[in-house]
Amino acid sequence: MALPRPTWKGYLKLALVSCPIAVYSAASSTEKVRFNQINRKTGRRIRQRLVDEGSGEAVEATDKIKGYEIDKDIYVTFDDDELDAVAIETSQTVDIDVFVPRDQIDNRYLDSPYYIAPTSRVGSEAFVTIRDAMKLKNLVALGRVVMAKRERVMMLQPWDKGMVGTTLRYPYEIRDEHAYFDDIENVSIGKELMAMASQIVDARKADFDPEKFHDRYEDALVELIERKKAGLPAEARKPVSGGAGVIDFMEALKRSLAESS
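Basis of the calculations
- Residues numbered from 1 in each chain as written.
- Predicted model: local features only at pLDDT ≥ 70, side-chain atom pairs only at ≥ 80, totals over all residues.
- Heavy atoms only, no water.
- Core = buried A, V, L, I, M, F, W, Y, C linked by side-chain atoms within 4.5 Å.
- Buried < 20%, exposed > 50% of the residue type's maximum accessible area, 1.4 Å probe, protein only.
- Contact = heavy atoms within 4.5 Å.
- Helix = DSSP H or I, 4+ residues; strand = E, 2+ residues; numbered from the N terminus.
- Pairing = 2+ DSSP bridges.
- Phe/Tyr/Trp six-rings, centres within 6.5 Å; stacked < 30°, edge-to-face > 60°.
- Expected span 1.5 Å × (residues − 1).
- Arc of directions from axis to C-beta.

Asks: I tried to follow the nonpolar core on my own but got confused; where do I start?
Replies: Core analysis: the biggest nonpolar cluster contains 19 residues, and Leu12, Ile21, Ile116, Leu156 and Met163 have the highest contact counts within it. Once residues lying within four places of it in the same chain are set aside, the contact partners of Ile116 are Ile21, Ala22, Val23, Phe127, Met154, Leu156, Gly162, Met163 and Gly165. One finds Val100, Ile105, Val140 and Leu142 within the second-largest nonpolar core, a separate group that totals 6 residues.

Below, the structure is given as structure tokens:
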């Protein structure tokens, strides 16, 4: 099977050691059902046009620039060359700065995963050495890489015979949890309630298996498309029932425990 085109190619660098690598996106959404917008009257696809908000007239691509709103309907504008001037200089290396324990990295910072593999047999020795050194010390690497004109921090960890690199969000991209959690009351839970809840957890404990999770909405869309292709009408589905009303918490735990047994 032919590999997809790399997202990025360059070198993995640790001190004076470097090796050529290719970076591939480890996740894809292209398999999801996607719809086009269609004119109901003609059955033809609708094309969107750029129009001026004030006049409604079409705008040519050459007249389009970027703007940052500083007040309502007031913008400072930028040409591409102005933005290019502040862009981080493109570097063809993933520079490893430091090695850290994986469990010290807050999962909220994880962004997009990539597969990383060496691109030559000559560089494989350096690649495997860095990979296995991380395995031996049970550490992951943090490096810097420029992708789409932005410098990103990337976490690299051994994965099978290669590595997975995950770009990390910056601190300013993470919302403060206190705004959401501070109003949660400290409730004292009785021993009996906690014991029953613990039993339910134990009864449902299992190993993680992603194959058991199905995108039911995606499955329903595929089924609907097949019905429409066959000339059949859309099948009415039962509405999803809402949450249950307020019931006795102890009674709910007892019922849940009985169902889990």
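Resuming the write-up.
Asks: Looking at this structure, how should I read the pairing of strand β7 (residues 140–147)?
Replies: If a strand is regular, its side chains alternate between the two faces of the sheet. Counting buried positions along β7 gives 7 out of 8 residues, so the element sits mostly inside the fold. In the sheet, strand β5 (residues 93–100) pairs with β7 via 5 bridges, with the strands oriented antiparallel. Following the sheet pairing, Val100 is matched in β7 by Val140. Bridge analysis of β7 against strand β8 (residues 150–159) gives 7 bridges, and the strand direction is antiparallel. The partner of Val145 across the bridge, within β8, is Arg152. Between β7 and β8, which pair antiparallel and follow one another directly, the connecting turn spans 2 residues, one of which, Ala148, has a positive phi of 55°.

Asks: Sorry, what's going on with the environment of Glu235 here?
Replies: Checked against the element boundaries, Glu235 lands in the loop between α5 (216–229) and α6 (249–260). Given the relative accessible area of 48%, Glu235 is considered partly exposed. For the pair formed by Glu235 and Glu223, sequence separation is 12 residues and the distance between their alpha carbons is 9.5 Å. Not counting residues up to four positions away in its chain, the partners in contact with Glu235 are Glu223 and Arg227.

Asks: Just to check I follow, could you spell out the pairing of strand β4 (residues 74–78) for this structure?
Replies: Pairing between strand β3 (residues 66–71) and β4: 5 bridges, direction antiparallel. Bridge pairing in β4 places Lys66 opposite Phe78. Following β3, the chain reverses through 2 residues before pairing antiparallel with β4; Asp73 in that reversal takes a positive phi of roughly 60°.

Asks: Even after reading the chapter, I still don't get the packing of aromatic side chains, so can you show me in this structure?
Replies: Each aromatic ring pair is summarised here by two numbers: the centre-to-centre distance and the angle between the ring planes. Per the stated rule, a full pass over the model turns up 2 aromatic pairs. With a centroid separation of 6.0 Å and 5° between ring planes, the pair formed by Tyr170 and Tyr172 is classed as stacked. Classification of Tyr170 by relative accessible area gives partly exposed; the value is 25%.

Asks: I'm lost on helix α4 (residues 191–203) in this one. Help?
Replies: Count 3.6 residues to each turn of an α-helix, and residues three or four apart come out pointing the same way. Taking 1.5 Å of rise per residue, 13 residues should cover 18 Å, and α4 covers 18 Å from first to last C-alpha, within 8% of that figure. Buried within α4 are the following residues: Leu193, Met196 and Ile200. Down the axis of α4, the buried set is contained in an arc of 70°. They therefore lie on one face. In α4, the exposed residues that point more than 90 degrees away from the buried face are Lys191 and Val201.

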